[in-house]
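So you can see what is in the structure, the chains are spelled out below.
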Amino acid sequence: MDRLPVKTLRRLFAPLLILVALPAAAQQQSQGYKFLEAVRKSSGDEVVKMLDQPGQRIVNARDITTGEGALHIVVKRGDATYLRFLLARGADPNMRDGRGDTPLLLAVQYGQNALVDILAAAKANPNLGNGGGETPLIRAVQKRDLPLVRSLLAVGANPDQTDNVAGMSARDYARADTRTPAIAKLIDEKPKQAVRAVAGPRL
């Protein structure tokens, strides 16, 4: 029987080798997708079962399309119970989605004051800006939400950190908006702060 050339053998067995050597990352990605789908559907038993698997790291899985994680999903729907549970299981409160938005930014955007408090208690950084440099405090000022502004200032939000679009800070936006003098007054009670460099989004 004639021996097949080496090139032919490689061509025949290459697909099999690829299948055998499926990277762990791809398997993890598949598990991450299932996990995020379970979170979206509020399938509590399934979520708990996945998180209870030994050595799992899917609590911080990201959607490959949007970059959002489980915390982004539950914040958007205002689910305080799920938020507390996921944070207790090691979810990163400072994870950014594809736009650079953190769960705290989204909580402000959707007016979820209670979730802002939960995230702040979990050490969410109030000075992490999104892709445009917009911080939770800037967003709260633009929404003219005095209680949120007060809450964010109380946990260390810097009113003098500027965005990347207009180069304006929360203090600047508050002063420019004559419709909400109470917000401008509240922010002006805070002495001007030095702005420390905050790492940009890791997208």
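Fair warning: this is a prediction, and the values are worked out from it, not measured in the lab.

The rules behind each value
Residues numbered from 1 in each chain as written. Predicted model: local features only at pLDDT ≥ 70, side-chain atom pairs only at ≥ 80, totals over all residues. Heavy atoms only, no water. Salt bridge = Lys/Arg side-chain N within 4 Å of Asp/Glu carboxyl O. Buried < 20%, exposed > 50% of the residue type's maximum accessible area, 1.4 Å probe, protein only. Helix = DSSP H or I, 4+ residues; strand = E, 2+ residues; numbered from the N terminus. Axes fitted to C-alpha atoms, helices over the stretch in contact; angles between N-to-C directions. Parallel < 35°, antiparallel > 145°, perpendicular 65-115°, else oblique. Contact = heavy atoms within 4.5 Å. Nonpolar A, V, L, I, M, F, W, Y, C, P; charged D, E, K, R; others polar. pLDDT = per-residue confidence, 0-100. Core = buried A, V, L, I, M, F, W, Y, C linked by side-chain atoms within 4.5 Å. Domains from an automatic or database assignment. Polar contact = N/O pair within 3.5 Å; in protein donor to acceptor, adjacent residues only side chain to side chain.

## A few points about the pattern of salt bridges
(1) Moving on: Following the criterion strictly, the structure yields 14 salt bridges and no others.
(2) Moving on: Between R139 and E134 there is a salt bridge, and its shortest N-O distance comes to 2.9 Å.
(3) Moving on: Take R139: its relative accessible area is 7%, and that puts it in the buried class.
(4) Moving on: Taking relative accessible area as the criterion, E134 reaches 17% and is therefore assigned buried.
(5) Moving on: For R144, the salt bridge identified is with D177, shortest N-O distance 2.8 Å. With R144 in the loop between α8 (136-142) and α9 (146-154) and D177 in the loop between α10 (170-176) and α11 (181-188), this pair connects stretches of sequence that are 33 residues apart.
(6) Moving on: Residue class for D177 comes out buried when judged on its relative accessible area of 13%.
(7) Moving on: Linked by salt bridges that have partners in common, E37, R40, D63, E68 and K76 make up one network.

## As for the packing of helix α3 (residues 44-51) against helix α5 (residues 80-88)
(1) Moving on: For the pair α3 and α5, the least separation of the axes is 12 Å and the interaxial angle reads 5°. It follows from the interaxial angle that α3 and α5 lie roughly parallel. Between α3, through G44, V47, V48 and L51, and α5, the contact on the second element is made entirely by Y82, F85 and L86.
(2) Moving on: A class-by-class count of the residues in the contact of α3 with α5 yields six nonpolar, one polar and no charged.

## Quick look at the packing of α9 against α11
(1) Moving on: Direction vectors running N to C along α9 and α11 enclose 10°, while the axes themselves pass 10 Å from each other. Between α9 and α11, the angle falls in the class roughly parallel. Contacts between α9 and α11 involve L146, V149, R150 and L153 on the former and, on the latter, A182, I183, L186 and I187.
(2) Moving on: Looking at the contact of α9 with α11, its residues break down into seven nonpolar, no polar and one charged.

## Focus: the confidence of the model for the chain
(1) Moving on: Here the chain shows a mean pLDDT of 87. Residues at 70 or above account for 80%.
(2) Moving on: Note that pLDDT drops below 50 for residues 16-27; the model gives that stretch one contact with residues more than four away or on any other chain.

## Details of the nonpolar core
(1) Moving on: Of all hydrophobic cores here, the largest spans 44 residues; its most connected members are F35, L83, L86, V141 and V149.
(2) Moving on: With five residues, the top contributor of residues to this core is helix α4 (residues 70-76).
(3) Moving on: Viewed by domain, this core spans two of them, domain 1 (29-100) and domain 2 (126-191), each represented by three or more residues.
(4) Moving on: Setting aside residues up to four positions removed in sequence, L83 forms contacts with L71, V74, V75, L115, I118 and L119.

## Some details on unusual backbone geometry
(1) Moving on: The backbone of S42 sits at a positive phi, close to 55°, despite the residue not being glycine.
(2) Moving on: Here S42 shows up in the loop between α2 (24-40) and α3.
(3) Moving on: Positive phi, close to 70°, is recorded for K123, a residue that is not glycine.
(4) Moving on: You can see K123 is positioned in the loop between α7 (113-121) and α8.

## A word on the side chain of E68
(1) Moving on: Residue position: E68 is located in the loop between α3 and α4.
(2) Moving on: Polar contacts involving the side chain of E68 include one to the side chain of K76, which spans 3.0 Å.
(3) Moving on: Other than its neighbours up to four places away in sequence, E68 contacts L36, R40, A61, R62, D63, I73, K76 and D97.

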